[in-house]
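Coordinate analysis (summary)
Listed here are the chains, written in short residue letters.
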Amino acid sequence: MHILHVVGARPNFMKAAPVLAALDGLSGLRQTLIHTGQHYDSNMSDVFLRQLDMPPPDLNLDVGSGSHAHQTAEIIARFEPVVTDCRPDLVLVYGDVNSTMAAALVCAKLQVRVGHVEAGLRSHDRSMPEEINRLITDQLSDLLFTPSEDADENLRHEGIDPSKIHRVGNVMIDTLARLLPRCLNYKPHDLPRRYALVTLHRPSNVDDLAWLRKLLVALAELSEDLAIFFPVHPRTRQRIAELHLHATANDRLCFLDPKPYLEFLALQQGATVVITDSGGMQEETSFLGIPCLTLRENTERPITVSRGTNLLIGRDIVRLQSEIHRILAGDTKKALPIPLWDGHAASRIAGIITDTR
C-alpha cells in the first residue's frame, strides 16, 4: 500500500508528523511526503522537520504565495502529475489550508482515495477561506478523521455517510504531548514569572489597520501590568511597519521573530495567558490548561470553549482588558478533559487505515 501525505503550511507539519511515525514500518506500506510549498521558508522548514523528527519531503512543489485562486490553481496543476505518476492507494491531507482542498480535488477527479485528518471542524463563517476549504475537502474525502464530537455532528448534518466518519482525537495534541518534555530545554532563562503570549495572523485582525492600531495600543497599555511577548508573523510585521507602530514595543511589549516549534512551545507552556487568533493554539492551551483569549467572533473549535480554557473576545477591547485583569487576580477558567485528546490519535488513524486497505 502506498500512502501519499500532502502538507503545505507549518501547522500541517505538526499534524502529519505523528501520522507518519505511526505508519512507519508497517508491513507492506510505503509513504511519500509532498510539500506544496504554499508557505515555505527554507531555514524555518528545516528546523521544523528536525524538531518534529520528520523526514524531509520527497518532493517540494514550490508553489509559493499568491491569491487564493492563483495558489489553489498552481497546487492543482503541479500536484496532478505527481498523483498520476505515483498512483497512491491513499492520499492523506491535513487541516484546512489551500493545499488541503486542492489536493483533495485532484484526487477526487483521478478516483484516488482521500483521508482528511482534522475533518468536520466548522466555524459556520463562509467569509473565512479555511471554512470553504473544510467544506469541500470533507465532501470529497473517503475517510474523515475527526478530533471531537462536534465535528462528527457537523459531518452527519451535511449528509456525510456515517461509515466514513472516524473520531480519533487530535493529532496536534499527539505532537504537543510527545515534545512537551523536550521543549523545556528551549525555555529562555530570563523569562518573567508572569507574561502573556500573543500571536496574530488572520486577515480580519492584521489587514484592518484601524483595528490593528487600536489593538496594539491596548497591548502596550496592558504591558504595564503584564509583560507581553509577541512573535510576529512576517505579514503582521509588515502591517505594523505601515502603521509606524514599532515604537509601541518596549521592554514589556516585546516583538519577536517567528519561533520554531519547540521554542514557541516553551513560551506557550509557561504563559500566564495567551492572546491569539490561531485555531491550533486554542486547542493547545486547552490541553495545557492555560487561559486563552481568542480575538475572533467565532471558532471552528467550539469544544475549546465548552470544555477548554478558550474565551471568544472578538474585537471587544474592554472585555480583553477585564479578562486579563481577572486572570491576573487568579480567577481562571478550568479545563475539562476532552475525550481522545490523549496523545494516541495517530495510532488510531494507522489502525483504521490498516483495517480498510
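Our subject is the structure listed above.
Residues numbered from 1 in each chain as written. Predicted model: local features only at pLDDT ≥ 70, side-chain atom pairs only at ≥ 80, totals over all residues. Heavy atoms only, no water.

**Some details on the sheet that holds strand E4 (residues 90–94)**
- Pairing within the open sheet is parallel, and its seven strands lie in the order E3-E2-E1-E4-E5-E6-E7. With partners counted over all chains shown, the strands left at the sheet margins are strand E3 (59–60) and strand E7 (165–167), one partner each.
- Each of strand E1 (2–7), strand E2 (30–35) and E4 touches helix H1 (residues 10–23); the most contacted strand, E1, lies at about 165° to it. (Pairing = 2+ DSSP bridges. Helix = DSSP H or I, 4+ residues; strand = E, 2+ residues; numbered from the N terminus. Contact = heavy atoms within 4.5 Å. Axes fitted to C-alpha atoms, helices over the stretch in contact; angles between N-to-C directions.)

**Digging into the state of the cysteines**
- Counted according to the given criterion, the structure contains zero disulfides.
- Of all cysteine sulfurs, the one in cysteine 86 lies closest to cysteine 107, which takes part in no disulfide; the gap is 11 Å.
- The thiol of cysteine 183 is not disulfide-bonded; the next cysteine sulfur, from cysteine 292, is found 17 Å away.
- In this structure cysteine 183 comes out as buried when scored by relative accessible area, which is 0%. (Disulfide = S-S within 2.5 Å. Buried < 20%, exposed > 50% of the residue type's maximum accessible area, 1.4 Å probe, protein only.)

**Some words on the packing of aromatic side chains**
- Taken as a whole, this structure holds four aromatic pairs when the rule is applied.
- Both rings, one in phenylalanine 13 and one in phenylalanine 48, keep their centres 6.4 Å apart while their planes meet at 75°; by these two values the pair is edge-to-face. Here phenylalanine 13, found in helix H1, pairs with phenylalanine 48, found in helix H2 (residues 42–51); they are 35 residues apart in sequence, far enough to count as distant.
- One aromatic cluster is present, formed by Phe13, Phe48 and Tyr261 through successive ring pairs. (Phe/Tyr/Trp six-rings, centres within 6.5 Å; stacked < 30°, edge-to-face > 60°.)

**Considerations on the packing of helix H4 (residues 98–109) against helix H5 (residues 129–140)**
- Between H4 and H5, the least distance of the axes is 9 Å, while the angle of their chain directions is 30°. In terms of orientation, H4 lies roughly parallel with respect to H5. Here H4 runs over H5; the crossing is left-handed. Touching Asn98, Thr100, Met101, Ala104, Leu105 and Ala108 of H4 are Asn133, Ile136, Thr137 and Leu140, all from H5.
- Residues belonging to the contact of H4 with H5 are distributed by class as follows: six nonpolar, four polar and no charged. (Parallel < 35°, antiparallel > 145°, perpendicular 65-115°, else oblique. Left-handed = near helix turned anticlockwise from the far one by under 90°. Nonpolar A, V, L, I, M, F, W, Y, C, P; charged D, E, K, R; others polar.)

**Considerations on the pairing of strand E9 (residues 227–231)**
- Counting buried positions over the five residues of E9 gives five, a clear majority of the element.
- With burial as the criterion, each face of E9 is covered, one bearing Ala227, Phe229 and Pro231 and the other bearing Ile228 and Phe230.
- Across four bridges, the pairing between E9 and strand E10 (residues 253–256) is parallel. Bridging from a neighbouring strand, phenylalanine 229 pairs with cysteine 254 of E10.

**Concerning helix H10 (residues 234–242)**
- Among the residues making up H10, those that are buried are Thr236, Arg239 and Ile240. The arc that holds the buried residues of H10, viewed along the axis, is 100°, so those residues lie on one side.
- Histidine 244 lies just past H10 and shows a positive phi near 55°. (Arc of directions from axis to C-beta.)

**Digging into H5**
- Here H5 is twelve residues long and its end C-alpha atoms lie 17 Å apart, about the 16 Å a rise of 1.5 Å per residue gives.
- Of all the positions in H5, only Glu130, Glu131, Asn133, Arg134, Leu135, Thr137 and Asp138 are classed as buried.
- Next to the buried residues of H5 lie E4, H4, strand E5 (114–117), strand E6 (143–146) and helix H6 (149–157). (Expected span 1.5 Å × (residues − 1).)

**Some thoughts on the side chain of threonine 146**
- Looking at the element boundaries, threonine 146 is found in strand E6.
- Within polar-contact distance, the side chain of threonine 146 engages the side chain of aspartate 152 at 2.5 Å.
- When near neighbours in sequence (up to four residues on either side) are disregarded, threonine 146 contacts Ala119, Ala151, Asp152, Leu155, Ile165, His166, Arg167, Val168 and Gly169. (Polar contact = N/O pair within 3.5 Å; in protein donor to acceptor, adjacent residues only side chain to side chain.)

**Details of the environment of tyrosine 195**
- The topology assignment puts tyrosine 195 in strand E8 (residues 195–199).
- Those residues within four positions of tyrosine 195 in sequence are excluded, and the remaining contacts are Leu226, Ala227, Phe229, Ala266, Leu267, Gly270, Ala271, Thr272 and Val273.

**Overview of the sheet that holds strand E12 (residues 292–294)**
- With respect to topology, six strands assemble into an open sheet ordered E10-E9-E8-E11-E12-E13, the strand pairing being parallel. Among the strands making up the open sheet, the edge pair consists of E10 and strand E13 (310–312). Averaged over neighbouring strand pairs, the angle between their axes works out to 20° when direction is ignored.
- Sheet topology note: the strand E11 (residues 273–276)/E12 ladder contains three bridges and is parallel. Each bridged residue has a counterpart across the sheet, and for threonine 276 the counterpart in E12 is threonine 294.
- Helix-sheet contacts for helix H11 (residues 261–269) involve E8, E9, E10 and E11, and the interaxial angle to E8 is about 135°.
- Packed onto the sheet, helix H12 (residues 279–288) meets E8, E11, E12 and E13 and runs at close to 160° relative to E12.

**Describing unusual backbone geometry**
- One non-glycine residue with positive phi stands out, namely aspartate 62, at about 50°.
- Tracing the backbone through its elements, the reader meets aspartate 62 in the loop between E3 and helix H3 (68–86).
- Non-glycine residue histidine 124 carries a positive phi angle of around 60°.
- By the secondary structure assignment, histidine 124 is in the loop between E5 and H5.

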